[in-house]
Amino acid sequence: MSPAALYRQPLRGLAYMAVAILLFSAMDAAAKWLTTGYSVVEIALFSRLLSPFLSLGVALHQGGIGTLRTRHPGWHLARATANGVTLVTFFAALIYLPLADTVAITFVSPLIMCALAVPLLKERVGPRRWIAIVIGFAGVLVITQPSGVGFGLGAALALAAALGSAFEIILTRRMSGTESSHSILFWSSSLMILAFGSVVPFAWTTPVPADWPAIAVLALSGSCAQFGLVQAFRYGEVSMLAPLEYSALIWATLFGYLFWGDLPTPTVLGGVAIIVASSAYVAHREARAKGQATAPTRDLI
């Protein structure tokens, strides 16, 4: 099946995305549970530990180990770097912020993607979209107010995670046309395991039996979620899949209440509304710009 045909399976893409968001939320909850006793590097290592084996299993089922070959090692290195930064900064943010607040701040990732499209993809972003991006970041400032400390280290770490996620999604989208899903997962996870593994001996805490269930959830959900995300962007367009990211707040709220008794405050929800509205407007303007791409002399905004 040609790459163009792959993108004409929206329902499959939506299904993969919905499951991936749920699994990522489970991984986030397990990670927050473990932050009280383990370093973020160790937690990040656990979250990717099973991914290469999952990739190998899929490769054997879909043509053999040879399907893991790649012609773009640099892309895999870049994606592994972005994913690694996202993991470490997000898990570190969970030390300082409630789960739902951390997830809410990372919702600016689509706005960052739009801003990055200018230097990375050479796309034109007009003044209206830039205004929407600025308003979206104002939503982050609204979210950080309930704690009374304003924009602190936790919020900065969550924003860094959103930046890393934006890079990761852009790279995933570009790579999915030429690289298999299990190849992307195998190389990025293997590179991250090597990187985290070289550091973790200096920050290692031997897991206690009571934490093994959380570690198992972390490893299983993290690996399967990565595969689901790559598959989602293989079958569906970014503009169609992006709104499903906001369902993460539902899961984060549920897990946060069940395990820590946390609920997002009205101010947090207000900030989320600002970010979502800004992202929706940016997506609308992008859709119009693509629809008018046949008129190159027009200033698309």
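Above this text you will find the structure in question.
Here the structure is a predicted model, which is why all the values come from computation and not from measurement. (Residues numbered from 1 in each chain as written. Predicted model: local features only at pLDDT ≥ 70, side-chain atom pairs only at ≥ 80, totals over all residues. Heavy atoms only, no water.)

Q: What is the right way to look at the packing of aromatic side chains in this model?
A: In this description, a pair of aromatic rings is defined by centroid distance and the angle of the planes. By the definition in use, this model includes ten aromatic pairs. Taking the centre distance of 5.0 Å and the plane angle of 85° together, the rings of phenylalanine 107 and tyrosine 246 count as edge-to-face. Residue phenylalanine 107 is found in the loop between helix H6 (99–105) and helix H7 (109–121), and its partner tyrosine 246 is found in the loop between helix H12 (238–241) and helix H13 (248–260); the two are separated by 139 residues along the sequence. A residue is classified by how much of its surface remains accessible, and phenylalanine 107, at 3% relative accessible area, is buried. (Phe/Tyr/Trp six-rings, centres within 6.5 Å; stacked < 30°, edge-to-face > 60°. Helix = DSSP H or I, 4+ residues; strand = E, 2+ residues; numbered from the N terminus. Buried < 20%, exposed > 50% of the residue type's maximum accessible area, 1.4 Å probe, protein only.)

Q: Help me out: how do you make sense of the packing of helix H3 (residues 40–48) against helix H5 (residues 73–96) in this one?
A: A pair of packed helices is characterised by two quantities: the angle between their axes and the separation of those axes. Viewed as axis vectors pointing N to C, H3 and H5 meet at an angle of 125°, and their least axial separation amounts to 9 Å. When the interaxial angle is binned, H3 and H5 end up oblique. Classified by chirality, the crossing of H5 by H3 is right-handed. Contact residues: Val40, Ile43, Ala44, Ser47 and Arg48 in H3; Asn83, Leu87, Val88, Phe91, Ala92 and Ile95 in H5. Its residues assigned to classes, the contact of H3 with H5 shows eight nonpolar, two polar and one charged. (Axes fitted to C-alpha atoms, helices over the stretch in contact; angles between N-to-C directions. Parallel < 35°, antiparallel > 145°, perpendicular 65-115°, else oblique. Left-handed = near helix turned anticlockwise from the far one by under 90°. Contact = heavy atoms within 4.5 Å. Nonpolar A, V, L, I, M, F, W, Y, C, P; charged D, E, K, R; others polar.)

Q: How should empty space enclosed by the protein be read in this particular structure?
A: A probe as big as a water molecule, rolled over the atoms, marks out the empty space that is left. Under the defined criterion, the tally for this structure stands at one cavity of 30 Å³ or more. In this model, the largest cavity occupies a volume close to 480 Å³. Around the largest cavity sit 25 residues that line it, and Phe24, Asp28, Thr86, Thr106 and Ser165 are the ones nearest its centre. Mapped onto the lining of the largest cavity, the elements with two or more residues apiece are helix H2 (10–34), H5, helix H9 (153–175) and helix H11 (212–235). Counting residues per element, the lining of the largest cavity draws most heavily on H2, at six residues. Partitioned by chemical class, the residues of the lining of the largest cavity number 14 nonpolar, seven polar and four charged. (1 Å grid on protein atoms, 1.4 Å probe; cavity = no way out; pocket = protein on both sides within 12 Å on 5 of 7 lines; lining within 4 Å. Points joined across faces, edges and corners; volume = space filled by probe spheres on them.)

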